[in-house]
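These are the residues of each chain, in order.
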Amino acid sequence: VPLIVTPLSFFLHLKWCGSLMQLDEAVFAAMLRHHLTTYPLSIRFFTSDIIFALTMAGLTIKQAYFLIQYSLVVLLAFVFYRYLLALGFTKRNSNFGLFLLLSAYPILAAHIEPVHTWDDIWCHLFLALSMTAFIKDRPASGLVWFTLACFAREQSLIFLPIAVYAYRT
């Protein structure tokens, strides 16, 4: 499923729709500067700091940004699939659920107006890891993943009741 939907998203962004992929490096430099200096974006350090580190290794800001974003989508796909299996779904239904996640507008069109994402996929990834850990009765790792989700996007706190419920059942 990720090998089908991720390239579809890539070509959607690159060829078929106006997206961030079509902007030049100067725009990405301004976006990075904005995310590094403007609250609350400046406290969400995952994407910004990794982009900064990758530019030190020779990548452009734009290359680093999309390398991170598409790597996260592929990683999220595998983690979400395992989450669905942990919930008791069959492999077939887990693949269908994974297809629904990856083809959902916020993931498939993550960098097309008006869905500009920066740290959102980190949040999705950490929440899936957290819920999987709670379901598998590993509260310490679940709490660590949930805390990281909150650092990625502070709105993740809305999932606290679900995390507590997942742990208690």
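Described below are features of the structure shown in this document.

Reading guide: rules and limits
Residues numbered from 1 in each chain as written. Predicted model: local features only at pLDDT ≥ 70, side-chain atom pairs only at ≥ 80, totals over all residues. Heavy atoms only, no water. Salt bridge = Lys/Arg side-chain N within 4 Å of Asp/Glu carboxyl O. Helix = DSSP H or I, 4+ residues; strand = E, 2+ residues; numbered from the N terminus. Buried < 20%, exposed > 50% of the residue type's maximum accessible area, 1.4 Å probe, protein only. Axes fitted to C-alpha atoms, helices over the stretch in contact; angles between N-to-C directions. Parallel < 35°, antiparallel > 145°, perpendicular 65-115°, else oblique. Left-handed = near helix turned anticlockwise from the far one by under 90°. Contact = heavy atoms within 4.5 Å. Nonpolar A, V, L, I, M, F, W, Y, C, P; charged D, E, K, R; others polar.

What follows covers the pattern of salt bridges. Per the counting criterion, the structure on display carries two salt bridges. A salt bridge links Arg44 to Glu154; the nearest nitrogen and oxygen atoms lie 2.5 Å apart. Of this pair, Arg44 sits in the loop between α2 (25-37) and α3 (45-56) while Glu154 sits in the loop between α8 (139-152) and α9 (160-168), and the two are 110 residues apart along the sequence. The exposure class assigned to Glu154 is partly exposed, which follows from its relative accessible area of 28%. Residue Arg153 is joined to Asp120 by a salt bridge in which the shortest nitrogen-to-oxygen separation is 2.6 Å. Separated by 33 residues along the polypeptide, Arg153 in the loop between α8 and α9 and Asp120 in helix α7 (residues 120-135) bring together distant segments of the chain. We classify Arg153 as partly exposed; its relative accessible area is 22%.

Okay, the packing of helix α4 (residues 61-86) against helix α5 (residues 91-103) next. At a closest axis distance of 9 Å, the pairing of α4 and α5 adopts a crossing angle of 140°. Put simply, α4 runs oblique to α5. Remark: the crossing between α4 and α5 carries right-handed chirality. Contacts between α4 and α5 involve Val73, Leu76, Ala77, Phe80, Tyr81, Leu84 and Leu85 from the first element and Lys91, Ser94, Asn95, Gly97, Leu98, Leu101 and Leu102 from the second. For the contact of α4 with α5, the residue count by class is 10 nonpolar, three polar and one charged.

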